[in-house]
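Remarks on the overall topology
This is what each chain is made of:
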Amino acid sequence: MAESSKAVFLSYASEDAPAAARLCAALRAAGIEVWFDQSELRGGDAWDNAIRKQIKACTLFVPLISVNTHARVEGYFRLEWKLAIDRSHSIAPDRTFLLPVVIDRTPQEDDRVPDRFRDLQWTRLPAGEATPAFIQRVLQLLAPEQSPGSSQSRTAVGVRPSSSDKPQSPSALPRSVRAGLLLAAIVVIAVGFFARNRLLPPRRAADTVPVPAQTAHSGSPAPPAATDKSIAVLAFTDMSEKHDQEYFSDGLSEELINRLAQNAGLKVIARTSSFQFKTKSEDVRSIAGKLGVANILEGSVRKSGDKLRITAQLIRASDGVHLWSNTYDRKLDDVFKVQEQIAGTVAQALRVSLLGDAPQRITRTPNLEAYNLYLQALAMHRRANEVSEFVTEIDYLHRALKADPTYAPAWALLSIRLGGAQADDGMGSVHELNAEARRAAERALELDPMLSDGHTAMGRLLVEVDWDFAGAERQFREALKLDPNDSRAQGWLGTLAAWKGDQETGVHMMNESIRTDPANPLRYQDLSLILYLARKYSEALDAHAHMLDLNPGAHRNHLFVAWIHVAMGEPAAALTELDRDPDRSTQFQDGCRAMAYDALGRKQEADAALASMEKAGADSNAYLIALVYASRNDLNRAFQWLDRAYLDHNPTLTTVKVDPLLRNVQSDPRFKALLVKLKLSGN
């Protein structure tokens, strides 16, 4: 084998040449040698031999993966990939040679990408725009002093290195390298501007919002700083002989979180995030770092007959010191008293005076059947991947309320979950779903006016159904007053601000929601929607990718990406995503296809998709139909359907003020009149 050269080989499909050029320029500006073929005519024996020699001699091979490589069933880049993979088998396992980079939202399970690439951690660099962190990692991997067995040698460059694989800080790098990184950052901006304005089709100014470099995932908030008064309660482990107490163990953890979360002086991570580590064998320091807390509470439940043994221990994450631990032996009918004792002792150990001095109200039911059914619904709520799970979860809640009609948290969760259903989920019409959700929210607040989830559920109805934005904001703020760690209420305040046109507040509040609940995929899903409405498409795709990292089975994940591509003016990419969506029968699919076909000049197919929408669901999909006509610049018909959506009280109309796909109509006087009717005319 030829002696290796400290060079990076870029392999790409010809359609991705602009992205490859941006990445090449950024790497070269950092002093990195890049082999990047720019020939318009690729081929010939001499050219072929040169490419083969470079692949045999380079130190790092970077394949650029995209919708274009997926679409190309044949291409020279596929031969380059094969040659690189063949060479990788003869390279020591502690050396990184293959560094897959994906330049759009192509999923890692793409079956047209070689298995060897899919086995590695991918780096996502939208449109080939290199980040300083990526350049720094490449420099490290090319460094001759790379130590054998180091973690950076074993793992391909990724967006989010693990805590044990942190990049070297810029201040620790040689002066020449620091200068190269600075120059690279400047070149990234300059090349990105040139490529977008010269090499690529013209984009609207609003589409070119720069991606902030504050985080690894552009759409994500910066990692939260841990304070002494911060805690994550992990799911207690079921150590019973039959392992049949999981829901009870989860419920114990849930009650502890609820008790601690009612105090503004204590940061408590939401259940959805802390429970992400339920089946993972990570140490407490790693978990605490990911959740941004200083303390971890963990424990176990062991059942024998009608007796329970519950152990709990409070651990300081920085050094692993056990600040407190205790064991409780109780009968099963005394479990709620045990929960109070544990919560009180933990509060005292943390020296949080609010918890120690003031009695805490905990809403619960003495009916264990209702309680267990509620916990099972909560467990499904954390996943919510498929329509069938929505249906089953709501069935659990109905059964819980049949067992105890006075259980306020079950009423509140029922209202919240009904708000997440859609008419084409087979659970009834939108009006029927909202009517049941309203009855559930009213019942929850009637039973317990101090229940934060009840106020959040009512706020959702006020904004989406009644279009009472002021009333909804009051409900969400009341929910936060009762529970300062209510990530749902934080997220709703962010969504409400975004719908009203205050994108800065919207993104800020959603990031606060993520800091409270950092491992909940639904929070990133909401963030991606807000960023999409703000026309920060690259960031929206990043947030959506993070959501998929946390919840790979998310329902209709390709559909949302397709809508973003339509807004970006990338109809071919949109159709590729739609083809990957297993559910192709929805009106959202038809609407997206109609706009993508129109943009590609495929009028007959566009007309067919639009006709399908108008025939199948004009009553419930007036807003979607209006979007299609707006994209065609048929303003009269667009407003006819917007008026229809208003008369039908279509909940999707709440996004009308900032919807990117309505840009053609938003300057029309009729649009301003619509905003007045919706009470959205102000900021």
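Numbering of residues starts from 1 in every chain and runs along the sequence as written. Owing to the predicted nature of the model, reporting of local features is limited to residues with pLDDT of at least 70; listing and counting of side-chain atom pairs is limited to 80 or more, with chain, interface and lining totals taken over all residues. Hydrogens and water molecules were not included; the side-chain quantities draw on all heavy atoms of the structure.

Observations concerning the packing of aromatic side chains
Note the threshold: Only Phe, Tyr and Trp rings take part, Trp by its six-membered ring, and two of them pair if their centres are within 6.5 Å. Stacked means planes under 30 degrees apart, edge-to-face means over 60, and tilted covers everything else. Where helices and strands are cited, they refer to DSSP runs of H or I of at least four residues and of E of at least two residues respectively, numbered from the N terminus. Only protein chains enter the calculation, and the probe is 1.4 Å; a residue is then buried if its accessible area is under 20% of its type maximum, exposed if over 50%, and partly exposed in between.
A complete count under the given rule lists 10 aromatic pairs for this structure. Aromatic side chains Phe77 and Trp81 sit 5.0 Å apart centroid to centroid with 70° between the ring planes, which places their arrangement in the edge-to-face category. Here Phe77 and its partner Trp81 are both found in helix α4 (residues 76–88), 4 residues apart, which amounts to about one turn of the helix. On the basis of relative accessibility, which here comes to 1%, the residue Phe77 falls in the buried class. Given the relative accessible area of 1%, Trp81 is considered buried. Each ring, one from Trp492 and one from Trp499, has its centre 6.0 Å from the other, and the planes form 80°; the classification is edge-to-face. Taken as a pair, Trp492 and Trp499 share a single burial class, namely buried. Following the ring pairs from residue to residue traces out a cluster consisting of Phe9, Phe61 and Phe97.

A closer look at the packing of helix α18 (residues 452–464) against helix α20 (residues 487–499)
In a pair of packed helices, the angle between the axes and the distance between the axes together describe the arrangement. For the record, the criterion: Here, axes are lines fitted to C-alpha atoms. For helices the fit covers the stretch in contact, and angles between N-to-C directions go from 0 to 180 degrees. Throughout this description, any angle smaller than 35 degrees is read as roughly parallel, any larger than 145 degrees as roughly antiparallel, any in the 65 to 115 degree range as roughly perpendicular, and the remainder as oblique. Here a crossing is called left-handed whenever its near helix is offset anticlockwise from the far helix by less than a right angle, and right-handed whenever the offset is clockwise. Residues count as neighbours in contact if any of their non-hydrogen atoms are within 4.5 Å of one another.
It is the contact of α18 with α20, at a shortest axis distance of 10 Å, that shows an interaxial angle of 20°. Taken as axis vectors, α18 and α20 run roughly parallel relative to one another. Seen along the crossing, α18 lies across α20 with a hand that is left-handed. Contacts between α18 and α20 involve Asp453, Thr456, Arg460, Val463 and Glu464 from the former and Arg488, Ala489, Trp492, Leu496 and Trp499 from the latter.

Section: helix α25 (residues 571–580)
Of all 10 residues in α25, 8 are buried, a share of seventy percent or more. Of all the residues in α25, the buried ones are Pro571, Ala573, Ala574, Leu575, Thr576, Glu577, Leu578 and Arg580. Against the buried residues of α25 lie α3 (67–71), α24 (557–568) and α26 (587–599).

A few points about the pairing of strand β1 (residues 7–11)
The condition is simple: DSSP bridges decide pairing: two strands pair if at least two such bridges lie between them.
Among the 5 residues that make up β1, 5 are buried, leaving the element largely enclosed by the rest of the structure. By the alternation rule, side chains of β1 split into Ala7, Phe9 and Ser11 and Val8 and Leu10, which are all buried. Alignment of β1 against strand β2 (residues 33–35), held across 3 bridges, turns out to be parallel. Opposite Val8, over in β2, you have Val34 as the bridge partner. Sheet analysis places β1 next to strand β3 (residues 60–65), joined by 4 bridges and oriented parallel. Along β3, the bridge assignment pairs Val8 with Leu60.

Some remarks on the pattern of salt bridges
Pairing between side chains of opposite charge can happen when the charged atoms of each approach one another. Basically, it comes down to this: Only one rule defines a salt bridge in this text: a Lys or Arg side-chain nitrogen within 4 Å of an Asp or Glu carboxyl oxygen.
One pass over the full model with this rule turns up 23 salt bridges. One salt bridge connects Lys500 with Glu473, and the closest N-O pair in it is separated by 3.7 Å. A residue pair is termed long-range when its members are at least 10 positions apart, and Lys500 in the loop between α20 and α21 (503–516) and Glu473 in helix α19 (residues 469–482) qualify at 27 residues. We classify Lys500 as partly exposed; its relative accessible area is 23%. Judged by relative accessible area, Glu473 falls into the partly exposed class, the value being 24%. Ionic pairing is found between Asp598 and Arg632, a salt bridge with its closest N-O pair at 2.6 Å. Taken as a pair, Asp598 in helix α26 and Arg632 in the loop between α28 (622–631) and α29 (635–647) lie far apart in primary sequence, 34 residues in all. In this structure Asp598 comes out as partly exposed when scored by relative accessible area, which is 24%. Overlapping salt bridges, with partners in common, bring together Asp598, Lys603, Asp607 and Arg632 in one network.

As for the environment of Asp119
Here Asp119 is to be found in the loop between α5 (115–118) and β5 (123–124). Here the alpha-carbon distance between Asp119 and Glu109, two residues 10 residues apart in the chain, equals 9.6 Å.

Focus on the packing of helix α17 (residues 430–447) against α18
Quick reminder of the rule: When residue character is reported, Ala, Val, Leu, Ile, Met, Phe, Trp, Tyr, Cys and Pro are called nonpolar, Asp, Glu, Lys and Arg charged, and the others, Gly included, polar.
The interhelical angle for the contact between α17 and α18, taken along N-to-C directions, is 145°, at an axis separation of 9 Å. Between α17 and α18 the crossing geometry is left-handed. Contacts from Asn434, Ala437, Arg438, Ala441, Glu442, Ala444 and Leu445 of α17 reach α18 at Gly454, His455, Ala457, Met458, Arg460 and Leu461. In terms of residue class, the contact of α17 with α18 is built from 7 nonpolar, 3 polar and 3 charged.

All we've got here are geometric facts, nothing functional implied.
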